[in-house]
Every structure is written in structure tokens, then in C-alpha cells.
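In case you want the letters, here they are:
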Amino acid sequence: MLAGYPEPLVQQADALWRAGELMPVLRRRHDEAHQVRDDAALYDYVQALKTRYLRKAEPLQHVGYDARLRVIQHALGTHTRRTQVQGARLKMRREIRVASLFKDAPAALLRTIVVHELAHLKELEHNKAFYQLCQHMEPDYFQLEFALRLWLLALEPAA
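This report concerns the structure included in the present document.

Thresholds, definitions, all that
- Residues numbered from 1 in each chain as written.
- Predicted model: local features only at pLDDT ≥ 70, side-chain atom pairs only at ≥ 80, totals over all residues.
- Heavy atoms only, no water.
- Helix = DSSP H or I, 4+ residues; strand = E, 2+ residues; numbered from the N terminus.
- Contact = heavy atoms within 4.5 Å.
- Salt bridge = Lys/Arg side-chain N within 4 Å of Asp/Glu carboxyl O.
- Buried < 20%, exposed > 50% of the residue type's maximum accessible area, 1.4 Å probe, protein only.
- Expected span 1.5 Å × (residues − 1).
- Arc of directions from axis to C-beta.
- Phe/Tyr/Trp six-rings, centres within 6.5 Å; stacked < 30°, edge-to-face > 60°.
- Polar contact = N/O pair within 3.5 Å; in protein donor to acceptor, adjacent residues only side chain to side chain.

This paragraph deals with the overall build of the protein. Regarding its fold elements, the protein presents six helices and three strands. Going residue by residue from the N terminus, the α and β elements of the protein occur as α-α-α-β-β-β-α-α-α. Residue pairs in contact within the protein that sit at least 24 positions apart in sequence constitute 66% of those at least 6 positions apart.

So this is what it looks like as C-alpha cells:
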């Protein structure tokens, strides 16, 4: 979960996790809760960010929480593109689904997942342009992505 981060950071996070102190540390840093509890609220939240940063992106047909998304499968959120036939036309249907466990996440971490999935509307691959777009929407994106990984680690029972 923390692969690719500097070893001293990983060791510090592991020590906090094993001592049961990782979640309290994260709660102190990211104590703001969000009120985005259902699919309708999530849709409005995502649309507001999309309108602010990605006005010309294709519209979203569905946004919602998904209890089937599992962290084990490395899917915290998904963006899908699906074609539908409508008469003689093909129509692209775009959806964003966010793992249900983010209903209880700090506000900044929910925003990080949403920003990540919105960036996929413009950039499909995790490349330089993708991460630049993430940073445009959330200047602290990299720090929050690390905090998100720590939060997921803190949710796991200590060994």
C-alpha cells in the first residue's frame, strides 16, 4: 500500500500503525468531516468540482457510492465509459463510483478520490498530464494521496 514511498516514511507509518497511533495522528491532521452521505449528495459534490475545473469534459450520467468496491482490489473509486446504442447513434455513458467506506472518511480524503476520478475524464492513464490535472484541482494532491494511503492502512487491524 505504501510501495514507492521513501523507506523512512514507510517505517514511521508502520511504527505508528503497530502502536495503534496512526488513526489518531490522521484524525488530528484531517479532522474535518463531510456531509456527503448518499448518492445524490455525492453527485452534487462531484458536479460542483467538475463545473469548477472541467467545464468542457463530457457529462456524467451517474455518480454514486458503491459497496462492492474493495480496497483489496485496489479500487477506491472507478470511472467507466460505456457505449449505448440510441437509435442510429452511439452514446457514451460516463460514471464515477466511489467506495462506500469514504462515507466516513475525512473531507480532504473524499475530495482526493473525487479529484482522481474526475481527472480520468480528461486523462485515462496515470501520466504526467493526469497528475498535473489532479494538482490543478487539488494543490495538495500528493500529500493527500499519501494521507489517504495511511488512512487505509490505519483501517486495517494491526498484526
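Here we come to the pattern of salt bridges. Tallied over the full model, the rule gives six salt bridges. As a salt-bridge pair, R68 and D66 come within 3.2 Å of each other at their nearest N and O atoms. Take R68: its relative accessible area is 62%, and that puts it in the exposed class. On the accessibility criterion, D66 (7% relative accessible area) is buried. R97 is the salt-bridge partner of E95, the closest N and O atoms lying 3.2 Å from each other.

Looking now at helix α3 (residues 39-53). For α3, built from 15 residues, the straight-helix expectation of 21 Å at 1.5 Å per residue is met to within 8% by its first-to-last C-alpha distance of 21 Å. Restricting attention to buried positions, one finds in α3 the residues L42, V46, L49, K50 and Y53. An end-on view of α3 places all buried positions within 100° of arc, on one side of the element. The outward face of α3, more than 90 degrees from its buried face, is lined by the exposed residues D44 and R52.

Another point: helix α2 (residues 22-29). Inspection of α2 places L22, M23, V25 and L26 among the buried residues, and these make up the whole buried set. One side of α2 carries all its buried residues, which in axial view fall inside an arc of 160°. Within α2, the exposed residues directed more than 90 degrees away from the buried face are R27 and R28. Along its buried surface, α2 packs onto α1 (7-18) and α6 (141-155).

Further remarks concern the packing of aromatic side chains. All chains considered together, the criterion is met by six aromatic pairs. Geometrically, the ring pair formed by Y5 and F146 is tilted, given 4.6 Å between the ring centres and 55° between the ring planes. Of this pair, Y5 sits in the segment before α1 while F146 sits in helix α6, and the two are 141 residues apart along the sequence. Considering the side-chain rings of F102 and W151, the 5.6 Å spacing of their centres and the 35° angle between planes classify their relative orientation as tilted. One end of the pair, F102, is in the loop between β3 (89-99) and α4 (107-122); the other, W151, is in helix α6, with 49 residues separating them in the sequence. W151 shares its class with F102; the two are buried. By the ring-pair criterion, three or more aromatic residues cluster together here, those being F130, Y131, Y141 and F142.

With respect to the helices, strands and loops of the structure, R97 is situated in strand β3. With relative accessibility at 22%, the residue R97 sits in the partly exposed group. Along the primary structure R97 and E117 are separated by 20 residues, whereas in three dimensions their C-alpha atoms are 8.5 Å apart. Looking at R97, its side chain comes within polar contact range of the side chain of E95, at 3.2 Å.

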